[in-house]
Amino acid sequence: MPFKSPYDWPSIFRFYQSHPIRGIERVTENSFERVFRIEHTIGFVRVRAMVGKPHLKVRILCGDPEIRFEVVRRVRKMFDTDSDPMLIAKNCARSPLLARLCDRFPGLKLPRGWDAFETAICSILGQLVSAEQRSSLIGQLVHNYGEEIVDPLSTEKMHLFPNPEILSTADLRAVKTTIVRREAIREFSRRVLSGAISLSESQDPIAFRKALLEIKGLGPWSAEYISLRAIGDPDAFPKTDLILKRVLELDPELDLDCIKPWRSYAAIYLWKEFAQTLSKSKKEKRP
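None of these values were measured; they are calculated from a predicted model.

Colleague: Tell me what's going on with the overall build of the protein chain, and back it up with residues and numbers.
Modeller: Regarding its fold elements, the protein chain presents 12 helices and 6 strands. Over its C-alpha atoms the protein chain spans a radius of gyration of 19 Å, differing by no more than 12% from the 19 Å that the globule rule assigns to 287 residues. With respect to the three principal axes, the spread of C-alpha positions in the protein chain is 50 × 45 × 40 Å. Across the 287 residues in the protein chain, those meeting the buried criterion constitute 52%. Look at the contacts in the protein chain between residues 6 or more apart in sequence, and 63% of them connect residues 24 or more apart. Carbon and sulfur atoms make up 53% of the accessible area of the protein chain, which totals about 14,400 Å². Positive and negative side-chain charges in the protein chain, numbering 46 and 37 respectively, have mean positions lying 3 Å apart.

Colleague: Mind laying out the side chain of arginine 112, listing which residues take part and the relevant values?
Modeller: Mapped onto the elements of the fold, arginine 112 is located in the loop between α4 (96-104) and α5 (116-125). Judged by its relative accessible area of 11%, arginine 112 is buried. Other than its neighbours up to four places away in sequence, arginine 112 contacts Tyr16, Lys77, Met78, Glu201, Leu228, Arg229, Ala230, Ile231 and Gly232.

Colleague: Mind laying out empty space enclosed by the protein, listing which residues take part and the relevant values?
Modeller: Applying the stated criterion across every chain yields a total of 2 cavities of 30 Å³ or more. Empty space within the largest cavity amounts to approximately 200 Å³. If you trace the largest cavity, you find 16 residues lining it, with Phe15, His19, Gly113, Thr119 and Arg134 closest to the centre. Where the lining of the largest cavity is concerned, the elements lending two or more residues are α1 (9-18), α5 and α10 (220-229). With 4 residues, α5 is the largest single contributor of residues to the lining of the largest cavity.

Colleague: Any chance you could break down the pairing of strand β4 (residues 56-62) for me, citing the residues and the numbers?
Modeller: One ladder, built from 7 bridges, connects strand β3 (residues 41-49) with β4; its direction is antiparallel. Its bridge partner being in β4, arginine 48 is matched across the sheet by lysine 57. Linking β3 back to β4 in an antiparallel pair, the connection comprises 6 residues, with glycine 52 at a positive phi of about 80°.

Colleague: So what's going on with the pattern of salt bridges? Residues and values would help.
Modeller: If the charged atoms of two oppositely charged side chains come close together, the side chains can form a pair. Under the definition given, this model contains 25 salt bridges. Here arginine 112 ties to glutamate 201 by a salt bridge, and the two come within 3.5 Å at their closest N and O atoms. Separated by 89 residues along the polypeptide, arginine 112 in the loop between α4 and α5 and glutamate 201 in the loop between α8 (179-194) and α9 (205-213) bring together distant segments of the chain. A residue is classified by how much of its surface remains accessible, and glutamate 201, at 38% relative accessible area, is partly exposed.

Colleague: Explain the state of the cysteines to me, and be specific about the residues and the numbers.
Modeller: The final tally for this structure, using the stated rule, is 0 disulfides. Counting only cysteine sulfurs, cysteine 102 is the nearest neighbor of cysteine 92, a cysteine outside any disulfide, at a range of 4.0 Å.

Colleague: Give a detailed account of the sheet that holds strand β1 (residues 25-27), specifying residues and quantitative values.
Modeller: Strands sit in the order β1-β2-β3-β4 across an open sheet of 4 strands; the sheet is antiparallel. Looking along the sheet, the strands with just one partner apiece sit at the ends: β1 and β4. Strand-to-strand twist across the sheet, computed as the mean angle between neighbouring axes with direction ignored, equals 15°. Two strands pair when backbone bridges link them, and β1 and strand β2 (residues 31-38) are joined in this way by 3 bridges, in the antiparallel orientation. Each bridged residue has a counterpart across the sheet, and for arginine 26 the counterpart in β2 is glutamate 33.

Colleague: Would you mind going over the pairing of β3 in detail, with residue names and values included?
Modeller: As defined by bridge partners, β2 adjoins β3 across 8 bridges and the pair is classed as antiparallel. Paired with valine 35 across the strands is phenylalanine 44, a residue of β3. Where β2 folds back onto β3 in an antiparallel hairpin, the turn is made up of 2 residues, including glutamate 39, whose phi is positive at roughly 55°.

Colleague: Kindly report on the environment of serine 168, identifying the contributing residues and their values.
Modeller: Within the fold, serine 168 resides in the loop between α7 (164-167) and α8. When the C-alpha positions of serine 168 and arginine 186 are compared, they lie 4.3 Å apart, and in sequence the two are 18 residues distant. Residue contacts for serine 168: discarding those within four places in its chain leaves Arg186, Ser189, Arg190 and Leu193.

Colleague: Any details on α5? Residues and values, ideally.
Modeller: Of all 10 residues making up α5, 10 are buried, and the element is well covered by its neighbours. Residues of α5 that are buried: Ala116, Phe117, Glu118, Thr119, Ala120, Ile121, Cys122, Ser123, Ile124 and Leu125. Of the surrounding elements, those touching the buried residues of α5 are β1, β2, α6 (131-145), α7, α8 and α10. Sitting at the head of α5, aspartate 115 places a side-chain oxygen 3.0 Å from the backbone nitrogen of phenylalanine 117.

Parameters at a glance
- Residues numbered from 1 in each chain as written.
- Predicted model: local features only at pLDDT ≥ 70, side-chain atom pairs only at ≥ 80, totals over all residues.
- Heavy atoms only, no water.
- Helix = DSSP H or I, 4+ residues; strand = E, 2+ residues; numbered from the N terminus.
- Rg over C-alpha atoms; globule rule 2.2 N^0.38 Å.
- Buried < 20%, exposed > 50% of the residue type's maximum accessible area, 1.4 Å probe, protein only.
- Contact = heavy atoms within 4.5 Å.
- Areas by Shrake-Rupley, 256 points an atom, 1.4 Å probe, with all protein chains shown as cover.
- Lys, Arg positive; Asp, Glu negative; His and termini not counted.
- Charge placed at Lys NZ, Arg CZ, Asp CG, Glu CD.
- 1 Å grid on protein atoms, 1.4 Å probe; cavity = no way out; pocket = protein on both sides within 12 Å on 5 of 7 lines; lining within 4 Å.
- Points joined across faces, edges and corners; volume = space filled by probe spheres on them.
- Pairing = 2+ DSSP bridges.
- Salt bridge = Lys/Arg side-chain N within 4 Å of Asp/Glu carboxyl O.
- Disulfide = S-S within 2.5 Å.
- Axes fitted to C-alpha atoms, helices over the stretch in contact; angles between N-to-C directions.
- Polar contact = N/O pair within 3.5 Å; in protein donor to acceptor, adjacent residues only side chain to side chain.

If you want it as structure tokens, here you go:
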């Protein structure tokens, strides 16, 4: 699977290492793996980088050969192989700070989820909790409400992510999150089923975020973050995110309007540069 260079594989791979969906995905030292169901076909996919070559190596196991095209489409989306790093860098060059970050970290990519519904639910569970807590909550959801299957490669017991039909009516008591988030998951699932919320990548992202904000428990951060990760809006920017908010406070002259419609990549670069330093400085200031 080819991509345009530069391509920062280590950074996008670290994202999936820190955001695994327990029971569905496995991230080894050098590969990303997961089980899936597309239509009625259960399968397995593994993604690795090819050393010294502008390609990702993808292994697919499934009973229906036609499904492979959809698997490839999803992998390309997840690993952002179709974006043009030179075009993004050219637009980011309009901002002095972002221009410096593009030079320092060439080829940063925008990691997305395998499935828009799955990604949105994981984002809801990840609100205001640590990465470890997020992973635990998602694991509880998958283990208790996802269908158990057999991994086509290893024959180990794995799970499929619970679908909207299941989550729209489940009590979700097995997931140790707040009552508000449980209801937000149920309501989001109901609206997806009814068509009130579309998960199409070609829709108006502003209308999508507006629809999300109508659900109790989903605020501006959730709407922007889900738009960024689930439907791949390249201009989503969760400015209420702790790190991004602090960056904007420290640099009030940072003009993000000048790089539209690529503000999602601005978020990726700012997280890359400031996540550790600003998080550390906040902890050090606590009494």
